[in-house]
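Each chain is listed here by its residues.
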Amino acid sequence: MITPKLAPWFCLGVALLVPFTGLAQKKPRIVFITHAQAGDPFWDVVRRGAETAARETDSDVQYQSPGKFDLVEMSHLIDAAVASKPDGLIVSIPDVKVLGPSIQAAVNAKIPVISINSGRQVSRQLGCMMHIGQEEEAAGKAAGERMKAIGVTEVMILNQETGNAGLDQRIKGFKDGFEGPFHHVEVVAVTIEFKECHDTVVAYLRQHPGIDGILALGPVVAEPTLQVLREMGEIGKIKLCTFDISREIIQALSKKQMSFAVDQQQWLQGYLPVIFLANYAIHGDVPENELILTGPSFVTPENVDRVANLSSPDSR
């Protein structure tokens, strides 16, 4: 969903496309590296945003990820990208201790770097030009406050990427907004494998019958959890909420099977950095903003129709 706050940046992105028309120049080559796990629908949308920007700017965008949550492998991908001397580098930063040296090597090599999604707190100190995403801790706090407001008292949080600093910030913020004398949180580590996540949730709910709320930290674990609640007849009794959206999440919200989703507009996280770096490679211009917020906004059963088309990976 493109919010009023983002509209000027979206318009700027479109305006930046004008100078590309009719110019016979070398294609900007941009390497885009994230910590995406294969099969996570969130990152499919990020990639589609990048691909759209690549077409619109006539850029060569090389999107890469380790395929599973492997930060050492991700650091190797960044090192290889730096050695290839691209015109720009886009990275997510889920763990600065592992990825920081590789990113700083890119900056030291005079490669312009934009961070997206995770790494807001460390982006500038590493030398990145800007960060595009949401402030995870603030988003988590808002989610915690909203979940408390709908009457939930006992929450299990599903963490599919233990060690991801961005998810840790979501959890910290959620606890700040939710926990109290009568409101408690338990974090449960899960995998993105559908059946494994499904079975873990089933076992936990059977052992903890007092759970009346579940917060998924991404659609890839919200979707198997939704199936669990259907099988157990707990739809509506146990409030299910998630960070980020997918087609399945949109459908569940439309059917009032979920309470809300926290949307950070991941398509823009793929689209905008390519627009900015392509323009920088050709014209040397980039917005002087160290942070461009793409979220959070809340998608609920009441407003889901407004974002359904924009949120579908096939709609771009």
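Calculation criteria
Residues numbered from 1 in each chain as written. Predicted model: local features only at pLDDT ≥ 70, side-chain atom pairs only at ≥ 80, totals over all residues. Heavy atoms only, no water. Core = buried A, V, L, I, M, F, W, Y, C linked by side-chain atoms within 4.5 Å. Buried < 20%, exposed > 50% of the residue type's maximum accessible area, 1.4 Å probe, protein only. Helix = DSSP H or I, 4+ residues; strand = E, 2+ residues; numbered from the N terminus. Contact = heavy atoms within 4.5 Å. pLDDT = per-residue confidence, 0-100. 1 Å grid on protein atoms, 1.4 Å probe; cavity = no way out; pocket = protein on both sides within 12 Å on 5 of 7 lines; lining within 4 Å. Points joined across faces, edges and corners; volume = space filled by probe spheres on them. Nonpolar A, V, L, I, M, F, W, Y, C, P; charged D, E, K, R; others polar. Phe/Tyr/Trp six-rings, centres within 6.5 Å; stacked < 30°, edge-to-face > 60°. Lys NZ or Arg CZ within 6 Å of the ring centre and 35° of its normal.

1. Re the nonpolar core
One finds Met-156, Leu-158, Leu-205 and Ile-214 to be the most contacted residues of the largest nonpolar core, which totals 31 residues. If you list the elements that add at least two residues to this core, you get strand 6 (154-159), helix 8 (194-207), strand 8 (213-216), helix 9 (219-232), helix 10 (247-254) and helix 12 (304-311). In terms of residue count, the dominant contributor to this core is helix 9 (six residues). Each residue touching Leu-205, except ones within four places of it in the same chain, is listed here: Met-156, Ile-211, Ile-214, Val-228, Leu-229, Met-232 and Ile-238. Within the second largest apolar cluster, 27 residues are counted, among which are Phe-32, Met-130, Leu-272 and Leu-277.

2. Let's talk about the confidence of the model for the protein chain
Caution applies to low-pLDDT regions: their predicted coordinates should not be interpreted in detail. Scored by pLDDT, the protein chain has a mean of 91; 89% of the residues are at 70 or more. Low pLDDT, under 50, characterises residues 18-24; the predicted model gives this stretch six contacts beyond four residues in sequence or across chains.

3. Considering empty space enclosed by the protein
Per the stated rule, a full pass over the model turns up two cavities of 30 Å³ or more. Approximately 150 Å³ is the volume found for the largest cavity. What lines the largest cavity is a set of 18 residues, among which His-35, Asn-117, Leu-167, Arg-170 and Asp-244 lie closest to the centre. Secondary structure elements with two or more residues in the lining of the largest cavity: helix 2 (41-57) and helix 7 (165-178). Looking at the lining of the largest cavity, the element that brings in the most residues is helix 7, giving three residues. Across the lining of the largest cavity, the residue classes tally to five nonpolar, eight polar and five charged.

4. Notes on the packing of aromatic side chains
Tallied over the full model, the rule gives five aromatic pairs. A centroid spacing of 5.3 Å and a plane angle of 40° characterise the contact between Phe-32 and Tyr-63, whose relative ring orientation is tilted. Here Phe-32 is found in strand 1 (residues 29-33), whereas its partner Tyr-63 is found in strand 2 (residues 60-64), with 31 residues between them in sequence. Classification of Phe-32 by relative accessible area gives buried; the value is 0%. Between the NZ or CZ atom of Arg-146 and the centre of the ring of Phe-260, over which it lies, the distance is 5.8 Å.

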